[in-house]
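# Working through the structure, step by step
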Amino acid sequence: SQQGEEDPQALSIQEGENATMNCSYKTSINNLQWYRQNSGRGLVHLILIRSNEREKHSGRLRVTLDTSKKSSSLLITASRAADTASYFCATDAFPGAAGNKLTFGGGTRVLVKP
Amino acid sequence: EPEVTQTPSHQVTQMGQEVILRCVPISNHLYFYWYRQILGQKVEFLVSFYNNEISEKSEIFDDQFSVERPDGSNFTLKIRSTKLEDSAMYFCASSEFPGVGEQYFGPGTRLTVT
């Protein structure tokens, strides 16, 4: 089993609908970050949530973190065709060593149909 | 908005050749990273770098790989003798602080080894 697994693997919705994807992880974390990747392109940082936080908002994004269940969710509200992308969660672990490596999940591919 | 840049965007090389991938991290960042993503697979950590030395490296980062900060702005990844399985997208990332801040990724270099 691997740190950072997203669910579902793929999601298809209509423009205007909400998209929810989940991330589960195995070991204790320091932070959890969500990234977006358009096909074949770079990783765009969306939001970071710390282990002592439970919910965070940024624009149309809402992230929750449940450390007791070792899971996080990303909600995109009022989706747009431009939200079509793959979404990844990435965790970094204690202790805060010089340069905390990120461990990525396999991603959720989101298709927003116009 | 400051961003991480990478050159080239695409590199094609023959097996056994040396390649150098270049990155310019965000200027006030002190922690640098390389990750790679083989097509269709997860993003994998390669190495982290701070204060002119490697902080952590993965098992992927063997003797064929090296990193260097040759001047105050560039951060490079060298692969001495490329193999077919080195074909991947290579991402550079940087962060201002380890463990408490976001890692920002560059657009990636697609390396194709023939």
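Everything that follows concerns the structure shown earlier in this document.
Let me begin by describing the structure that accompanies this report. (Residues numbered from 1 in each chain as written. Chains lettered and ligands numbered in written order. Predicted model: local features only at pLDDT ≥ 70, side-chain atom pairs only at ≥ 80, totals over all residues. Heavy atoms only, no water.)

Residues and elements named next belong to chain B. Sheet architecture is open: four strands sit in the order 1-3-8-7, paired in antiparallel fashion. The two strands at the open ends of the sheet, each matched to only one other strand, are strand 1 (5-7) and strand 7 (65-68). The average undirected angle you get between the axes of adjacent strands in this sheet is 20 degrees. Here strand 7 pairs with strand 8 (residues 75-79) via four bridges, running antiparallel. Within strand 8, the position partnered with Phe65 by the bridge is Ile79. (Pairing = 2+ DSSP bridges. Helix = DSSP H or I, 4+ residues; strand = E, 2+ residues; numbered from the N terminus. Axes fitted to C-alpha atoms, helices over the stretch in contact; angles between N-to-C directions.)

On to the interface of chain A and chain B, then. Each side of the interface is counted separately: chain A has 27 residues, and chain B has 24 residues. Buried area between chain A and chain B, summed over both chains or domains, comes out near 1800 Å², and the portion from carbon and sulfur atoms is 54%. Linking chain A with chain B are one salt bridge. One salt bridge in this structure joins B:Glu56 and A:Lys101, with 3.6 Å as the shortest N-O distance. Connecting chain A to chain B are five residue pairs in polar contact (both at pLDDT 80 or more). Elements with a minimum of two residues in the side of chain A that touches chain B: strand 4 (31-37), strand 5 (43-50) and strand 9 (85-92) of chain A. For the side of chain A that touches chain B, the per-class residue count stands at eight nonpolar, 14 polar and five charged. (Contact = heavy atoms within 4.5 Å. Buried area = accessible area lost by both parts, 1.4 Å probe. Salt bridge = Lys/Arg side-chain N within 4 Å of Asp/Glu carboxyl O. Polar contact = N/O pair within 3.5 Å; in protein donor to acceptor, adjacent residues only side chain to side chain. Nonpolar A, V, L, I, M, F, W, Y, C, P; charged D, E, K, R; others polar.)

Next up on the list: the side chain of A:Ser73. Residue and element names in this part refer to chain A. You can see Ser73 is positioned in strand 8 (residues 71-76). Of the residues examined, Ser73 reaches a relative accessible area of 15% and is grouped as buried. Within the structure, Ser73 has its side chain in polar contact with the side chain of Thr64 (distance 2.5 Å). Beyond its immediate stretch of four places on either side in the chain, Ser73 contacts Met21, Asn22, Trp34, Arg62, Val63 and Thr64. (Buried < 20%, exposed > 50% of the residue type's maximum accessible area, 1.4 Å probe, protein only.)

None of this, on its own, says anything about what the molecule does.
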